[in-house]
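# Structural description and commentary
Here is how the chains run, residue by residue.
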Amino acid sequence: QVQLVESGGGLVQPGGSLRLSCAASGNIFTLLAMNWYRQAPGKQREFLATITSSDNTNYADSVKGRFTISRDNAKNTLYLQMNRLKPEDTAVYSCNFKTRGYAGLVYNYWGQGTQVTVSS
């Protein structure tokens, strides 16, 4: 099926920046949307940003103005540019691809997650 491989996480200081990548492999019939989520310890998974097949974007209030979602269609790669990072941004960040199969069924694929730690 589809595999998503994430990279770009790590340790950064408050106010710093990181760019996360999510590369897809496998057979994708129809790509509907690409999303970023995060989950901090003891908290539920939080939606961050989405970009649709028509290039519409939407952001959660917590990251609006600081994070930018983008994609490279030629490389089947999703990006999340994170600027002015705060300690509360510390979490495991996961990418999600929403796809439609030949029969019209919708499938959600998830990356393994990458740790982002914002600390001095």
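One structure accompanies this document, and this report is about it. (Residues numbered from 1 in each chain as written. Predicted model: local features only at pLDDT ≥ 70, side-chain atom pairs only at ≥ 80, totals over all residues. Heavy atoms only, no water.)

Below, the discussion takes up the pairing of strand S3 (residues 18-26). Of the strand pairs in this sheet, strand S1 (residues 2-7) and S3 are connected by six bridges, and their pairing is antiparallel. The partner of Gln3 across the bridge, within S3, is Ser25. Across six bridges, S3 lies against strand S8 (residues 77-82) in antiparallel orientation. Paired with Cys22 across the two strands is Leu78, which belongs to S8. (Pairing = 2+ DSSP bridges. Helix = DSSP H or I, 4+ residues; strand = E, 2+ residues; numbered from the N terminus.)

What follows covers the sheet that holds strand S7 (residues 67-72). With antiparallel pairing, the four strands of this open sheet are ordered in space as S1-S3-S8-S7. Each of the sheet's edge strands pairs with one partner strand only, and the pair in question is S1 and S7. For this sheet, the mean angle separating the axes of adjacent strands, direction not counted, is 15 degrees. (Axes fitted to C-alpha atoms, helices over the stretch in contact; angles between N-to-C directions.)

According to the stated counting rule, one finds one disulfide in the structure shown. Across a sulfur-sulfur distance of 2.0 Å, Cys22 and Cys95 are joined as a disulfide pair. Handedness of the Cys22-Cys95 disulfide follows from its S-S torsion of about 60 degrees: it is right-handed. Of the two residues, Cys22 sits in strand S3 while Cys95 sits in strand S9 (residues 91-100), which places them 73 residues apart along the sequence. Look at Cys22 and you get buried, because its relative accessible area is 0%. Cys95 gets classed as buried once you look at its relative accessible area, which sits at 0%. (Disulfide = S-S within 2.5 Å. Buried < 20%, exposed > 50% of the residue type's maximum accessible area, 1.4 Å probe, protein only.)

This model, assessed by the stated rule, comprises five salt bridges. Here Arg66 and Asp89 are joined by a salt bridge, their closest N and O atoms 2.7 Å apart. Placement of the pair is Arg66 in the loop between strand S6 (57-59) and S7 and Asp89 in the loop between S8 and S9, with a sequence separation of 23 residues. Residue Arg66 is classed as buried on the basis of its relative accessible area, which comes to 6%. For Asp89, a relative accessible area of 0% gives the class buried. What emerges from the salt-bridge pattern is a single network uniting Arg38, Glu46, Arg66 and Asp89. (Salt bridge = Lys/Arg side-chain N within 4 Å of Asp/Glu carboxyl O.)

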